[in-house]
Amino acid sequence: TPFFSPADRPPTQVIDELVTLSRRAAELGFAWISAPQHWTAHPTLWLQPFPLLARLAPETGSMRLMTLVILLPIVNPVETAENVATVDTISHGRLTLGVAIGYREAELEAAGVTRKDRVPKLEESLTLMKQLWSGEEVTFAGQYSRVTKVRMGLTPVQKPHPPIVMGCQSERAPARAARFTDGAFFGPQGGWADV
């Protein structure tokens, strides 16, 4: 069911429907539920994944909670690392982090990045986030992010961090996923021949 569209229902109704769906999915024994990310996607309603998954955590029993996917090039990696630790803690270690490079020009523009920034910012963000999740003091000077002697107060329940999967829709993406994550997620846009 396309819960985020059509946008002719009040957003609170959409959330209530998602809560009901999540409860029922847990009762039926589904393994996971996911929340996607997009910005400025009018006319559809795109609830942001971290607060949505935090709301659904108590409704989902033992189901995994997944972000499919966080568009890492458009977000701050420190804030994302903190959000991941928070939702992993709220869910008692049930979060799987799905990430991808994104493709929508409006989102890239809003974040102040370009298409050529997508891969290097994603890779840099994952590197920094993994260091932050260690709970140790981190100094990091990248092209897109810089931190000096910082340490997260809250680290993920899952060690060394929640499982990470990467959305893949190009030939190079699975190799990138193998270098930086625990698995690949092939989106619905690719056919079996491409996979």
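The coordinates are above.
Residues numbered from 1 in each chain as written. Predicted model: local features only at pLDDT ≥ 70, side-chain atom pairs only at ≥ 80, totals over all residues. Heavy atoms only, no water.

**Comments concerning the packing of helix H5 (residues 118-133) against helix H6 (residues 173-180)**
- Viewed as axis vectors pointing N to C, H5 and H6 meet at an angle of 15°, and their least axial separation amounts to 11 Å. The angle between the axes of H5 and H6 places the two elements in the roughly parallel class. As H5 packs across H6, the resulting crossing turns out to be right-handed. Counting all contacts with H5, which are made through Val119, Leu122, Glu123, Leu126, Thr127 and Lys130, the residues of H6 involved are Arg176, Arg179 and Phe180.
- By residue class, the composition of the contact of H5 with H6 is four nonpolar, one polar and four charged. (Axes fitted to C-alpha atoms, helices over the stretch in contact; angles between N-to-C directions. Helix = DSSP H or I, 4+ residues; strand = E, 2+ residues; numbered from the N terminus. Parallel < 35°, antiparallel > 145°, perpendicular 65-115°, else oblique. Left-handed = near helix turned anticlockwise from the far one by under 90°. Contact = heavy atoms within 4.5 Å. Nonpolar A, V, L, I, M, F, W, Y, C, P; charged D, E, K, R; others polar.)

**Quick word on the pairing of strand S1 (residues 32-35)**
- The side-chain alternation of S1 yields one buried face, formed by Ile33 and Ala35, and one unburied face, formed by Trp32 and Ser34.
- Of the pairings in the sheet, the one linking S1 to strand S2 (residues 64-71) comprises four bridges and is parallel in character. Bridging across to S2, alanine 35 finds its partner in threonine 67.
- The parallel pair S1 and S2, bridged by helix H2 (residues 49-56), forms a crossover whose chirality is right-handed. (Buried < 20%, exposed > 50% of the residue type's maximum accessible area, 1.4 Å probe, protein only. Pairing = 2+ DSSP bridges. Right-handed = clockwise from strand over helix to strand, strands pointing away.)

**Some details on the nonpolar core**
- Grouped together as the largest cluster of nonpolar side chains are 50 residues, with contacts concentrated most on Leu72, Leu97, Val99, Leu122, Leu126, Trp133 and Met166.
- What tryptophan 133 contacts, discounting residues up to four positions off in sequence, is Ala81, Val84, Ala85, Leu97, Met152, Thr155, Pro156, Pro160, His161 and Ile164. (Core = buried A, V, L, I, M, F, W, Y, C linked by side-chain atoms within 4.5 Å.)

**Some words on the side chain of threonine 60**
- You can see threonine 60 is positioned in the loop between H2 and S2.
- The exposure class assigned to threonine 60 is buried, which follows from its relative accessible area of 0%.
- At 2.9 Å, the side chain of threonine 60 and the backbone oxygen of alanine 57 are in polar contact.
- Contact partners of threonine 60, with chain neighbours within four places excluded, come to Ser22, Ala26, Ile33, Leu65 and Arg94. (Polar contact = N/O pair within 3.5 Å; in protein donor to acceptor, adjacent residues only side chain to side chain.)

**What to know about the environment of glycine 183**
- With respect to the element layout, glycine 183 can be found in strand S7 (residues 183-186).
- The exposure class assigned to glycine 183 is partly exposed, which follows from its relative accessible area of 22%.
- C-alpha of glycine 183 to C-alpha of methionine 166: the two residues are 17 residues apart in sequence and 6.4 Å apart in space.
- Once residues within four sequence positions are removed from consideration, glycine 183 is found in contact with Ile164, Val165, Met166 and Ala177.

**Describing H2**
- Considered for burial, the residues of H2 that qualify are Pro49, Phe50, Leu52, Leu53 and Leu56. When H2 is viewed along its axis, its buried side chains cluster within an angular range of 165° and face the same direction. (Arc of directions from axis to C-beta.)

**Here we look at the layout of surface pockets**
- Its volume calculated, the largest pocket comes out at about 650 Å³.
- As for the largest pocket, its lining consists of 26 residues, and the residues nearest its centre are Val69, Ala100, Tyr103, Gln169 and Gln189.
- Only S2, H5, strand S6 (164-168) and H6 provide two or more residues apiece to the lining of the largest pocket.
- Of the residues belonging to the lining of the largest pocket, the class tally is 14 nonpolar, eight polar and four charged. (1 Å grid on protein atoms, 1.4 Å probe; cavity = no way out; pocket = protein on both sides within 12 Å on 5 of 7 lines; lining within 4 Å. Points joined across faces, edges and corners; volume = space filled by probe spheres on them.)

**A short note on helix H3 (residues 77-90)**
- End to end, H3 covers 20 Å across 14 residues, agreeing with the expected 20 Å (1.5 Å per residue, within 8%).
- Of all the positions in H3, only Pro77, Thr80, Ala81, Val84, Ala85, Val87 and Asp88 are classed as buried.
- Packing partners of the buried residues in H3 comprise H2, S2, strand S3 (95-100) and H5. (Expected span 1.5 Å × (residues − 1).)

**Digging into the pattern of salt bridges**
- In the structure shown here, the tally under the stated rule is nine salt bridges.
- The shortest N-O distance in the salt bridge between glutamate 27 and arginine 24 comes to 3.0 Å. Here glutamate 27 pairs with arginine 24, and both are found in helix H1 (residues 11-28), just three residues apart, close to one helical turn.
- Given the relative accessible area of 59%, glutamate 27 is considered exposed. (Salt bridge = Lys/Arg side-chain N within 4 Å of Asp/Glu carboxyl O.)

Fair warning: the whole summary comes from geometry, so function is off the table for now.
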